[in-house]
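Given next are the chains, with one letter for each unit.
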Amino acid sequence: MRYATRTGNVASVATDCLVVARRAASGVAAALGVEEQVRLVLEGTKGRVGGVARVYLAKRPSRLLIIGADAKDNGSAGSLADFRRDMTAAAGAIANLDVRDATVCLDDFEAGDESDVYRKARIALAAVAHASYRFSAYKSKKPTPAKLRQVAVLTCRRAPARRAAAHAQALDDGLALAKDLGNQPPNVCNPSFVAREARKLGRGNANVTVSVIDERKMAELGMGAFLSVTRGSATPAKMIIVHIKQGTKGDKPVVLIGKGITFDTGGINLKAGAGMEEMKFDMCGAAAVLGAAKATIEGELPINLIAIAAAAENMPGSQASRPSDIVTTMSGQTVEILNTDAEGRLVLCDALTYAERFKPAAVIDVATLTGAQVVALGSHASALYANDDDLADAVADAGDAAGDRVWRMPLWDEYQKAIDSTFADIKNVGGRAAGSITAACFLSRFSKAFPWVHLDVAGTAYVAGRGSSGRPLPALFEYLLKAASANG
Ligand code: BES
Ligand code: MN
Ligand code: ZN
């Protein structure tokens, strides 16, 4: 998808499809000389938030999409949340229309100041990109390529619109990578595949280096927890590290860590059959952090970023870990594995300890960690845990701005004793109660050396039967933009 910004008069903009707000529709209709058609359509449709009225015209623009609420219901400028809903609906319509390009008239949405234009442009461009995403790598008959090539925003404020287009493009590049990785089947997308995809990020870019820690190196580093997960699998684990040096030399990096279980059978604590296919998405955390790396590179964000993908497959092979096995983590703490299906925390804990060497400004880990997170929050918000209030607020604010919400959960000391072990330092499960919280408690014991946020995205990273959502990459990217802007 190409993103463009335009200025000038709605009546003279060359486009196949024009998107305007309901309150501006009659003015635009007059400018285009199609008052009668637009009046008829508006009379026949009730305007509501998230509603789209379509007008088919004889000449360019051949489609006019009128979005949003009736003027009488919405005398004041709508909220950004309303605009997001309106644009999501319009984007769905655009993706199914036979048009080569679409233009969204921002000024008609009563975009106020510069930051409002910026935000609305971001929302409009992202909505169309999201609606047009397809994953068809494994269709033997290639679907005809989408006709839609370009989406533009029309506004008299060019500077914020251009900035928004650049950011939207970078994020979309990252999202395409994250979604594609998530949607790949697990017989193809194993840890080595993830490593190969990550290596592409470094190609021909002097500021980016990609290193891969193999199982031999993991053993040398003492990553007994990480290695315990991959033991039952024939495909080797990889810890993949993307180093991006685009910030001030010597500035502490932000470190992102993603759970990359390319398939989670549960191991010896084998999962039930129904729905097990969803566990190909158990590497969506890793996909999101690699997507964040891609977006940071494409958007040339002035920041030092390290993205770590902790990739392994959880299988019940003859060498697999048994419930009651005890392993020693890289931190020196011992873990009693009471459930081999609580494997995510086992790869993440060693990745967290490994991250200490980078002296991070902040560490954010992302994981499809627990079914309990899905029970608690469903698909509307990712769960956020933190050992640092400022970092928690920064990530939560980023999620709000991006329309990719997170909700902070408690990490009180009282929950910690649920994972104290009789035979080792820690057990890897805490019982039925508060499962997402006790999983976070486990990770917190490996995150004492830096400000840290954990995002449990089990309910948000994918939609069962539909595919990867790319979440929480929009929130991460927003956080990184803010962190980078502090660097000028
Ligand atoms: N990958 C799963 C969590 C998951 C569940 C992700 C549903 C997406 C949708 C994780 O490895 C897991 O199996 N967690 C267990 C932990 C339990 C054994 C303590 C769970 O949530 O049941
Ligand atoms: Mn599991
Ligand atoms: Zn898992």
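Shown above is the structure to which this text applies.
Values in this document were obtained by computation on a predicted structure and should not be read as measured data.

Help me out: how do you make sense of the overall build of the protein in this one?
In terms of helices and strands, the protein carries 14 helices and 19 strands. C-alpha atoms of the protein, sized along the principal axes, occupy 80 × 50 × 45 Å. Of all 488 residues assigned to the protein, the portion counted as buried reaches 57%. Looking at the protein as shown, the accessible area adds up to about 20200 Å², and 51% of this sits on carbon and sulfur atoms. Charge-centre separation for the protein: the mean point of 58 positive side chains lies 6 Å from the mean point of 51 negative side chains.

Before we go on, may I ask you to explain a negative patch on the surface in this structure?
Together, Asp390, Asp393, Asp397 and Asp400 line one region of the surface with negative charge. What makes aspartate 400 partly exposed here is its relative accessible area of 46%.

Where do I start with the nonpolar core in this structure?
Proteins that are soluble and globular tend to have nonpolar side chains buried together. In terms of nonpolar packing, the biggest core is built from 95 residues, with Met87, Val242 and Leu455 touching the most fellow members. Looking at which element gives the most residues to this core, the answer is helix H5 (residues 158-183), with 10 residues. Apart from residues lying up to four places away in sequence, leucine 455 is in contact with Ile364, Asp365, Val366, Ala367, Ala383, Leu384, Val395, Val406, Pro472 and Leu476. Counting 50 residues, the second-largest nonpolar core is a separate cluster that includes Met223, Met239, Ala351 and Ala440.

What is the right way to read unusual backbone geometry from this model?
Most peptide bonds take the trans form, and the phi angle of most residues other than glycine is negative. Residue proline 61 follows arginine 60 across a cis peptide bond; omega there is -5°. Put simply, arginine 471 and proline 472 share a cis peptide bond, and its omega is 5°. At glutamate 300, a residue that is not glycine, the phi angle is positive and equals roughly 50°. With respect to the element layout, glutamate 300 can be found in the loop between helix H9 (284-298) and strand S10 (304-314). Residue class for glutamate 300 comes out exposed when judged on its relative accessible area of 64%. For lysine 359, which is not a glycine, the phi torsion comes out positive at approximately 45°. Following the sequence through the fold, lysine 359 ends up in the loop between helix H10 (344-355) and strand S13 (362-367). By relative accessible area, lysine 359 is classed as exposed at 59%.

I'm lost on the coordination of the manganese ion (ligand 2) in this one. Help?
Expected angles at a metal are 109.5 degrees for tetrahedral coordination by four donors and either 90 or 180 degrees for octahedral coordination by six donors. Coordination of the manganese ion (ligand 2) by the protein involves Asp264 (OD), Asp341 (O), Asp341 (OD) and Glu343 (OE), with metal-donor separations of 2.0 to 2.2 Å. Of note, the donors binding the manganese ion (ligand 2) are all from one chain and are spaced D-x76-D-x1-E. The metal-metal distance between the manganese ion (ligand 2) and the zinc ion (ligand 3) is 3.1 Å, with aspartate 264 coordinating both. Of this pair, aspartate 264 sits in strand S9 (residues 254-264) while aspartate 341 sits in the loop between strand S12 (334-337) and H10; the two residues are 77 residues apart in sequence, bridging distant segments of the chain. Under the relative-accessibility criterion, aspartate 264 is labelled buried at 3%. Relative accessible area serves as the criterion here: at 22%, aspartate 341 is assigned to the partly exposed category.

Calculation criteria
- Residues numbered from 1 in each chain as written.
- Chains lettered and ligands numbered in written order.
- Predicted model: local features only at pLDDT ≥ 70, side-chain atom pairs only at ≥ 80, totals over all residues.
- Heavy atoms only, no water.
- Helix = DSSP H or I, 4+ residues; strand = E, 2+ residues; numbered from the N terminus.
- Buried < 20%, exposed > 50% of the residue type's maximum accessible area, 1.4 Å probe, protein only.
- Areas by Shrake-Rupley, 256 points an atom, 1.4 Å probe, with all protein chains shown as cover.
- Lys, Arg positive; Asp, Glu negative; His and termini not counted.
- Charge placed at Lys NZ, Arg CZ, Asp CG, Glu CD.
- Patch = residues over 30% accessible without salt bridge, like charges linked within 9 Å, V, L, I, M, F, W, Y side chains within 5 Å.
- Salt bridge = Lys/Arg side-chain N within 4 Å of Asp/Glu carboxyl O.
- Core = buried A, V, L, I, M, F, W, Y, C linked by side-chain atoms within 4.5 Å.
- Contact = heavy atoms within 4.5 Å.
- Donors = N, O, S within 2.8 Å, 3.2 Å for Na, K, Ca; no water.

Keep in mind these numbers describe shape, not what the thing actually does.
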